[in-house]
Amino acid sequence: MEKTTVLITGCSSGIGLGLAARLAADTARRFKGKGVTLRRGGGQHPWGSPGLGQAALCQGQLVPGGGLGPVLAEQLGGTAALLSPPVYATMRDLAKGEQLLERLGGCCSDTLEVLQLDVTDPCSLAAAAQRVQGQRLDVLVCNAGVGLMGPLETCSDQAMKTIFDVNLFGAIRTIQAFLPAMKRRRAGRIIVSSSIGGLQGLPFNSVYCASKFAVEGLCESLAIVLRPFNIHLTLVECGPVNTSFLANLQRPDPEGSELQGLDAETRGLYHRYLRHCQSLFHDAAQEVEEVLQVFVEAIGTPCPPLRCVTTQLFAPLSRLRLASPDGSAYVRAMHDFVFGRGEAGGDQP
């Protein structure tokens, strides 16, 4: 059986880490390779720039490199090659690669290589693409992403630029780096981590949703052009998932100074939204393994769809959004779903 080579971004935690680990540990050995290394991309030295450090993963150490997500990198690690691994797990900060090693149990996997890759840095992307050059990259998974929550008035220009630089322009840069080789081969698969927030507006996530709406438009438009090249593009739209994403996203402290200039009613709505999120994640969040199965199916199915939604939690709202083109019914329904019927009542609990 011909084996598959995959590169994943955003592998320091969550879905990316899990997907890499799962693919690398594939018992059917569909992902080719001989060894696991961590290395920083680029440079003429086989391990990157000598000044950047070197270590052998087979000895339980790290060689600078980066990738998609800690869970994904770990799951893919079981089947990669030392010089031609089946799974390239990338991450911005190689120091977080220790989590991947822990998930691999400190063993020398034969299917994973971890590369340093910052999707906001064109030089980092070029170095990673150079490392993969000459390999047949079958699947590109764009998983790197960040979140931003809070009243729009509290979102700084820098925070908003960062969201778009990672979520939208990071995906664009990554696809640009690897798409030409796929076109030349007239074969390939691109999978992009999206969100329910790319399909419908969510309160206090206006900038995040704007970035994901843009990703949806990017991918839908690109998929049309890629059809003659036999390159499939799939968006995986996740809802609440039990990862560190919610804890790590940027948001104002509900009791902090950032909200002091806001009107009392908006502060009250924000407090209620945070309680809604806590309840939603407690009662309805998916486990990472459940979401990973959607990614695996998108990788393996002969003709993957453009969109895969991982949860039906928001299906009634999605249908309402389509059934009411002017959007007013959806706005009312989402408000009631999050805040309950009636007014929020300022700072009232």
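Above: the structure in question.
Residues numbered from 1 in each chain as written. Predicted model: local features only at pLDDT ≥ 70, side-chain atom pairs only at ≥ 80, totals over all residues. Heavy atoms only, no water.

## A look at unusual backbone geometry
Non-glycine residue Arg186 carries a positive phi angle of around 55 degrees. On the secondary structure map, Arg186 appears in the loop between helix H6 (169-185) and strand S6 (188-195). (Helix = DSSP H or I, 4+ residues; strand = E, 2+ residues; numbered from the N terminus.)

## Here's the deal with the packing of aromatic side chains
For the structure shown, the criterion picks out three aromatic pairs. Geometrically, the ring pair formed by Phe204 and Tyr273 is tilted, given 5.7 Å between the ring centres and 45 degrees between the ring planes. Note that Phe204 is positioned in the loop between S6 and helix H7 (206-226) and Tyr273 in helix H9 (residues 264-284), a separation of 69 residues in sequence. By relative accessible area, which is 14% here, Phe204 ends up buried. According to the relative accessible area criterion, Tyr273 is buried, its value standing at 7%. Centroid distance Phe314 to Phe337: 6.1 Å. Interplanar angle 80 degrees. Geometry classified as edge-to-face. Residue Phe314 is found in the loop between strand S8 (307-309) and helix H11 (315-323), and its partner Phe337 is found in helix H12 (residues 328-339); the two are separated by 23 residues along the sequence. Pairwise contacts between aromatic rings join Phe204, Tyr270 and Tyr273 into one cluster. Over the face of the ring belonging to Phe229 we find Lys183, whose NZ or CZ atom lies 5.0 Å from the ring centre. (Phe/Tyr/Trp six-rings, centres within 6.5 Å; stacked < 30°, edge-to-face > 60°. Buried < 20%, exposed > 50% of the residue type's maximum accessible area, 1.4 Å probe, protein only. Lys NZ or Arg CZ within 6 Å of the ring centre and 35° of its normal.)

## Description of the packing of H9 against H12
The interhelical angle for the contact between H9 and H12, taken along N-to-C directions, is 75 degrees, at an axis separation of 9 Å. For the element pair H9 / H12, the angle class is roughly perpendicular. Counting all contacts with H9, which are made through Leu269, Arg272, Tyr273, His276 and Leu280, the residues of H12 involved are Phe337, Val338 and Phe339. (Axes fitted to C-alpha atoms, helices over the stretch in contact; angles between N-to-C directions. Parallel < 35°, antiparallel > 145°, perpendicular 65-115°, else oblique. Contact = heavy atoms within 4.5 Å.)

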